[in-house]
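Structure assessment
Residue strings, one per chain:
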Amino acid sequence: MYYPDIQEYIRFLFFMLEEFSATQEKVSKKGRPQTYSDASLIVFYAVMTLKGITAMRAQHDYLFHHPLYLQRCQLPACPSHVTLGRRYKALTPELQAFTEYIAA
């Protein structure tokens, strides 16, 4: 029996996030431009949740020691654990809307 690997799940998540973002209206945000896209961080969060790594510092360490996941999750560099925590908190409304989109 065929089982998909993690790369196929990552591609599927990026595809679904692309469809989801096409249905949302674009809102310009104040502040500095984002180094890490929302889609990349959502996919990285999903991968880390599947691996059972929930602490921000542990996620940063995993990404630092596995640079292949930078490429797979389309991250330009390894974000700090502070950045991960701050951005995950800011992504909560978008994750809720994305979950509702997937459920529908």
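Residues numbered from 1 in each chain as written. Predicted model: local features only at pLDDT ≥ 70, side-chain atom pairs only at ≥ 80, totals over all residues. Heavy atoms only, no water.

Next up on the list: the layout of surface pockets. What the largest pocket holds in volume is close to 860 Å³. Lining of the largest pocket is provided by 28 residues; of these, Lys29, Gln34, Asp38, Arg87 and Glu94 occupy positions nearest its centre. Here the lining of the largest pocket is composed, by residue class, of eleven nonpolar, seven polar and ten charged. (1 Å grid on protein atoms, 1.4 Å probe; cavity = no way out; pocket = protein on both sides within 12 Å on 5 of 7 lines; lining within 4 Å. Points joined across faces, edges and corners; volume = space filled by probe spheres on them. Nonpolar A, V, L, I, M, F, W, Y, C, P; charged D, E, K, R; others polar.)

Attention shifts here to the environment of aspartate 61. Mapped onto the elements, aspartate 61 comes out in helix 3 (residues 56-65). Placed 15 residues apart in sequence, aspartate 61 and alanine 46 show a C-alpha to C-alpha distance of 16 Å. (Helix = DSSP H or I, 4+ residues; strand = E, 2+ residues; numbered from the N terminus.)

This brings us to the packing of helix 1 (residues 6-23) against helix 6 (residues 92-103). At their nearest, the axes of helix 1 and helix 6 sit 10 Å apart, and the two run at 100 degrees to each other. With respect to helix 6, the element helix 1 is oriented roughly perpendicular. Residues Leu13, Met16, Leu17, Glu19, Phe20 and Thr23 of helix 1 form the contact with helix 6, whose participating residues are Glu94, Ala97, Phe98, Tyr101 and Ile102. When the residues that make up the contact of helix 1 with helix 6 are grouped by side-chain class, the tally is eight nonpolar, one polar and two charged. (Axes fitted to C-alpha atoms, helices over the stretch in contact; angles between N-to-C directions. Parallel < 35°, antiparallel > 145°, perpendicular 65-115°, else oblique. Contact = heavy atoms within 4.5 Å.)

Here the structure, examined in full by the defined rule, presents one salt bridge. Between arginine 87 and aspartate 38 there is a salt bridge, and its shortest N-O distance comes to 2.6 Å. Residue arginine 87 is located in helix 5 (residues 81-90), and its partner aspartate 38 is located in helix 2 (residues 38-51); the two are separated by 49 residues in the primary sequence. The class of arginine 87 is buried, set by a relative accessible area of 7%. What makes aspartate 38 buried here is its relative accessible area of 14%. (Salt bridge = Lys/Arg side-chain N within 4 Å of Asp/Glu carboxyl O. Buried < 20%, exposed > 50% of the residue type's maximum accessible area, 1.4 Å probe, protein only.)

Attention now goes to the nonpolar core. Leu41, Val43, Phe44, Val47, Met48, Leu63 and Leu75 are the most contacted members of the largest nonpolar core, which has 23 residues in total. Elements with a minimum of two residues in this core: helix 1, helix 2, helix 3, helix 4 (68-72) and helix 5. Top element by residues in this core is helix 2. It accounts for six residues. (Core = buried A, V, L, I, M, F, W, Y, C linked by side-chain atoms within 4.5 Å.)

What follows concerns the side chain of glutamine 59. Summarising the element assignment, glutamine 59 is placed in helix 3. A relative accessible area of 1% means that glutamine 59 is categorised as buried. Leave out the neighbours within four places in its chain, and glutamine 59 touches Phe44, Met48, Ile53, Thr54, Leu84 and Tyr88.

Across the protein chain, the average pLDDT comes to 91, with 100% of residues at or above 70. Taken element by element, the predicted model of the protein chain shows its lowest mean pLDDT in helix 6 (91) and its highest in helix 3 (95). (pLDDT = per-residue confidence, 0-100.)

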